[in-house]
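As a plain string of letters, each chain reads:
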Amino acid sequence: MSAPGRPYYLGLDFSTQQLKVVAVDETLNAVHESNVHFDSELPEYGTKDGVHIHSDGLRVTSPVLMWVKALDIVLEKMRSDGFDFSRVEALSGSGQQHGSVYWKRGASLVLEGLDGGKPLHKLLEGCFAVPDSPVWMDSSTAEQCQRLEEAVGGAQRLADITGSRAYERFTGNQIAKIYQTSPVKYSETERISLVSSFAASLFLGRYAEVDYSDGSGMNLMDIQTKNWAPPCLTATAPHLQAKLGNPVPSTTVLGAVCPYFVSRYGFSADCKVVAFTGDNPGSLAGMRLQEGDVAVSLGTSDTLFLWIKEPKPTVEGHVFCNPVESCAFMALICFKNGSLTRQRVRDESAGGSWDAFSDALRSTSMGNDGNIGIYFDVMEITPPAVGVHRFNKEMSRVASFSRQVDIRALVEGQFMAKRVHAEKLGYKIVPGTKVLATGGASSNSDIVQVLADVFNAPVYTIDTANSACLGSAYRAKHGVEAKRGVSFADAVRHAQEPKLVATPGPGAEQIFRPLLKRYAELEEKILEEARK
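In this text the structure is predicted, and so the values were computed from the model without any measurement.

**A word on the overall build of the protein**
No. 1: When its secondary structure is counted, the protein shows 21 helices and 23 strands.
No. 2: Computed over C-alpha atoms, the radius of gyration of the protein comes to 24 Å, within 12% of the 24 Å expected from 2.2 N^0.38 for 532 residues, which places it in the range of a compact globule.
No. 3: Here the protein holds 532 residues, and 59% of them are scored as buried.
No. 4: Across the protein, contacts joining residues at least 24 apart in sequence account for 72% of those joining residues at least 6 apart.
No. 5: A total accessible area of about 20000 Å² is found for the protein, and carbon and sulfur atoms account for 50% of it.
No. 6: In the protein, 54 positive and 61 negative side-chain charges are present, and the distance between their average locations comes to 2 Å.

As structure tokens, then:
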């Protein structure tokens, strides 16, 4: 525990399956952690994995009051554990991206007059025009996506404006569907929040503004001007700007906690609420990425987080405003063929043994003698293609490789894809660039060695079990200090350092620079063949 009286910073994460909270002290050591698992601790809402999947298999929602009651429960748990809320100098949070909350007309008056003698979920009953919020797993808005892209001049034009082409889970398309299918509910709505700004509203006792970073995952905000884009608003629903409010920088101190939390839990009346953001931006903060850094999550699907200065949005991947530096950007790229593809090649070419898989990487040379493999066992997202494609150094298709060459071709191909698509979005490797590797495959030293070689940068590993939650606590601390001109990096300088696990081999850039060009050409060739 910290010395008596030292301040705490609270981070909350309203994720899909649970609400998590972490408190850190001035040196960013965790002093308290708690969580509420929705399915097991709130069974009355009947969710599975935190959501309701509707009969069409496309519509996916979560009950808003379940999230409210989870906050009641987690704060009660903390109080029962003796947590001293009076020491919290600032708090912030993250929420599952793209989800939306529809406050009913008159709800603002309820928020302003919260009675500290009653739990929030009782006080806010009847405050939501749409009781079940559409969440990021929803894929029921294909029609609305098509209309939005047509209205602004196509998918690339929408990406240029908002950072992404139209996606079914993105908030603007969800709002459009609610307006079209439930116009009465839409007209009853006085404010539309993201999950993040909804959660911040609970602490403020008024509607919290949407932050730039989470706001750029809606298909509604111009990522350059940081304002709502008029053609997108017009194509979505009437009177929408008034229902959204104005977006604010992600480092904004929105105000102090409302009297409800002071009287009920003993928060200081001076406790600051820093703008909440999305879980992906929150994770970028939790991993403490800096300019030129890239985080690679190696899981069932592989995900790339990038810090970029000059974005070049494409119809693949997403560009968001950066949550810790308002003049920078972050990008997110998802690759569907991740660990399952690695396991399939391990089973076929290494007898099911990771040791034999690693031996193959060690016994083959960097660059694989010019052999390149592209392994899309299932339809890929980035790019939209499928199939296993092998090419020799003359760029000719071949039916097969030797087992060792096949293994290296898979791993090099997966990482070359990540660098190629990162650079398409505007990513640049700069002096001091770090690659942060997370997920199951990051524990394999031979796989991360290939990652270091392909990116020509050192690879570090970091514990990201609570990255969005920790990132929220870090952002709370930075929000207080940013007004004094303190950078995010300085605000979190005491956090635990990542562990160096690999450095690029000699000559890595000279070997991979021409291979990356060839990889990009081969990927384009595969796409052209698929279009025929």
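**Focus: the environment of Asp-279**
No. 1: Mapping Asp-279 onto the fold places it in helix H14 (residues 279-286).
No. 2: Along the primary structure Asp-279 and Gly-95 are separated by 184 residues, whereas in three dimensions their C-alpha atoms are 5.2 Å apart.
No. 3: Residues within four places of Asp-279 in sequence aside, it is in contact with Asp-13, Ser-94, Gly-95, Gln-96, Gln-97 and Ala-468.
No. 4: In terms of polar contacts, Asp-279 uses its side chain to reach the backbone amide nitrogen of Gln-97, at 3.4 Å.

**Digging into the sheet that holds strand E18 (residues 329-335)**
No. 1: If you walk across this open sheet you meet the seven strands as E17-E18-E16-E15-E21-E22-E23, and the pairing is mixed. Of all the strands in the sheet, the pair left with one neighbour each is strand E17 (318-321) and strand E23 (499-502). Taken pair by pair, the neighbouring strands of this sheet meet at an average axis angle of 25°, ignoring direction.
No. 2: Where strand E15 (residues 294-298) lies against strand E21 (residues 435-438), four bridges are found, and the strand directions are parallel. In the strand pairing of E21, Val-294 is matched with Val-435.

**Examining the environment of Ala-452**
No. 1: Along the chain, Ala-452 falls in helix H18 (residues 445-455).
No. 2: Sequence spacing of Ala-452 and Lys-77 is 375 residues, and the spatial spacing of their C-alpha atoms is 43 Å.
No. 3: When neighbours within four sequence positions are excluded, Ala-452 is seen to be in contact with Ala-457, Val-459, Ala-502, Thr-503 and Pro-504.

**What to know about the sheet that holds strand E8 (residues 132-134)**
No. 1: Within the open sheet, the three strands sit side by side as E4-E5-E8. Their pairing is antiparallel. Two strands in the sheet have a free side with no partner beyond their single neighbour: strand E4 (52-53) and E8.
No. 2: Against the sheet, helix H2 (residues 64-80) contacts strand E5 (60-63) and E8, and its axis sits at roughly 45° relative to E5.

**Section: the UniProt feature "domain: Carbohydrate kinase FGGY N-terminal" (unreviewed entry) in the protein**
No. 1: UniProt feature "domain: Carbohydrate kinase FGGY N-terminal" (unreviewed entry): in the numbering of this structure it lies at residues 135-282.
No. 2: Along residues 135-282, the helical share is 49% and the strand share 13%, with 17 Å between the first and last C-alpha atoms.

**As for the layout of surface pockets**
No. 1: Its volume calculated, the largest pocket comes out at about 1300 Å³.
No. 2: If you trace the largest pocket, you find 43 residues lining it, with Trp-136, Asp-279, Asn-280, Thr-303 and Phe-305 closest to the centre.
No. 3: Elements with a contribution of two residues or more to the lining of the largest pocket: strand E2 (18-24), H14, E15, strand E16 (302-308), E17, E18 and helix H19 (467-482).
No. 4: Within the lining of the largest pocket, the residues separate by chemical class into 17 nonpolar, 19 polar and seven charged.
No. 5: No fewer than three residues from each of domain 1 (8-280) and domain 2 (288-461 + 498-532) sit in the lining of the largest pocket.
No. 6: In this structure, the second largest pocket occupies an estimated 440 Å³ of space.

**Thoughts on the pairing of E5**
No. 1: Covered by surrounding structure in E5 are Val-60 and Ser-62 together with Thr-61 and Pro-63, the residues of both alternating faces.
No. 2: As judged from the two bridges shared by E4 and E5, these two strands associate in the antiparallel manner. For Ile-53, the partnering residue across the bridge sits in E5 and is Val-60.
No. 3: Bridging between E5 and E8 involves three bridges; their strand directions are antiparallel. Directly across from Ser-62, in E8, lies its bridge partner Ser-133.

**Quick word on the side chain of Arg-408**
No. 1: Along the chain, the position of Arg-408 falls in helix H17 (residues 403-424).
No. 2: Since its relative accessible area comes to 6%, Arg-408 is described here as buried.
No. 3: A polar atom in the side chain of Arg-408 sits 3.4 Å from the backbone oxygen of Ser-365.
No. 4: A polar atom in the side chain of Arg-408 sits 2.7 Å from the side chain of Glu-412.
No. 5: Those residues within four positions of Arg-408 in sequence are excluded, and the remaining contacts are Leu-361, Thr-364, Ser-365, Met-366, Gly-367, Asn-368, Gly-413 and Val-450.

**A closer look at the domain arrangement of the protein**
No. 1: Along its sequence, the protein is carved into domain 1 (8-280) and domain 2 (288-461 + 498-532).
No. 2: A separation of 33 Å is found between the C-alpha centroids of domain 1 and domain 2.
No. 3: Every contact between the two is made by 23 residues of domain 1 and, on the other side, 18 residues of domain 2.
No. 4: Between domain 1 and domain 2, roughly 1600 Å² of surface is buried when both sides are summed, and carbon and sulfur atoms account for 58% of that area.
No. 5: Looking only at domain 1, the three residues that lose the most surface to domain 2 are Ser-213, Ile-223 and Asn-280, adding up to 28% of its buried area.
No. 6: Where domain 1 meets domain 2, there are zero salt bridges.

**Things to note about the packing of helix H5 (residues 142-152) against helix H7 (residues 171-181)**
No. 1: Across the interface, H5 lies against H7 with an axial gap of 9 Å and an inter-helix angle of 110°. Taken together, the axes of H5 and H7 are roughly perpendicular relative to one another. Where H5 crosses over H7, the two elements pack in a sense that is right-handed. Every residue of H7 that contacts H5 at Glu-143, Gln-144, Cys-145, Arg-147 and Leu-148 is listed here: Asn-173, Ala-176, Lys-177 and Gln-180.

**Thoughts on H7**
No. 1: By the criterion of burial, H7 is predominantly enclosed, with eight of the 11 residues buried.
No. 2: Within H7, burial applies to Thr-171, Gly-172, Asn-173, Gln-174, Ile-175, Ala-176, Lys-177 and Ile-178.

Procedures and definitions
Residues numbered from 1 in each chain as written. Predicted model: local features only at pLDDT ≥ 70, side-chain atom pairs only at ≥ 80, totals over all residues. Heavy atoms only, no water. Helix = DSSP H or I, 4+ residues; strand = E, 2+ residues; numbered from the N terminus. Rg over C-alpha atoms; globule rule 2.2 N^0.38 Å. Buried < 20%, exposed > 50% of the residue type's maximum accessible area, 1.4 Å probe, protein only. Contact = heavy atoms within 4.5 Å. Areas by Shrake-Rupley, 256 points an atom, 1.4 Å probe, with all protein chains shown as cover. Lys, Arg positive; Asp, Glu negative; His and termini not counted. Charge placed at Lys NZ, Arg CZ, Asp CG, Glu CD. Polar contact = N/O pair within 3.5 Å; in protein donor to acceptor, adjacent residues only side chain to side chain. Pairing = 2+ DSSP bridges. Axes fitted to C-alpha atoms, helices over the stretch in contact; angles between N-to-C directions. UniProt positions renumbered as here; feature names shortened; annotations may be inferred. 1 Å grid on protein atoms, 1.4 Å probe; cavity = no way out; pocket = protein on both sides within 12 Å on 5 of 7 lines; lining within 4 Å. Points joined across faces, edges and corners; volume = space filled by probe spheres on them. Nonpolar A, V, L, I, M, F, W, Y, C, P; charged D, E, K, R; others polar. Domains from an automatic or database assignment. Buried area = accessible area lost by both parts, 1.4 Å probe. Salt bridge = Lys/Arg side-chain N within 4 Å of Asp/Glu carboxyl O. Parallel < 35°, antiparallel > 145°, perpendicular 65-115°, else oblique. Left-handed = near helix turned anticlockwise from the far one by under 90°.

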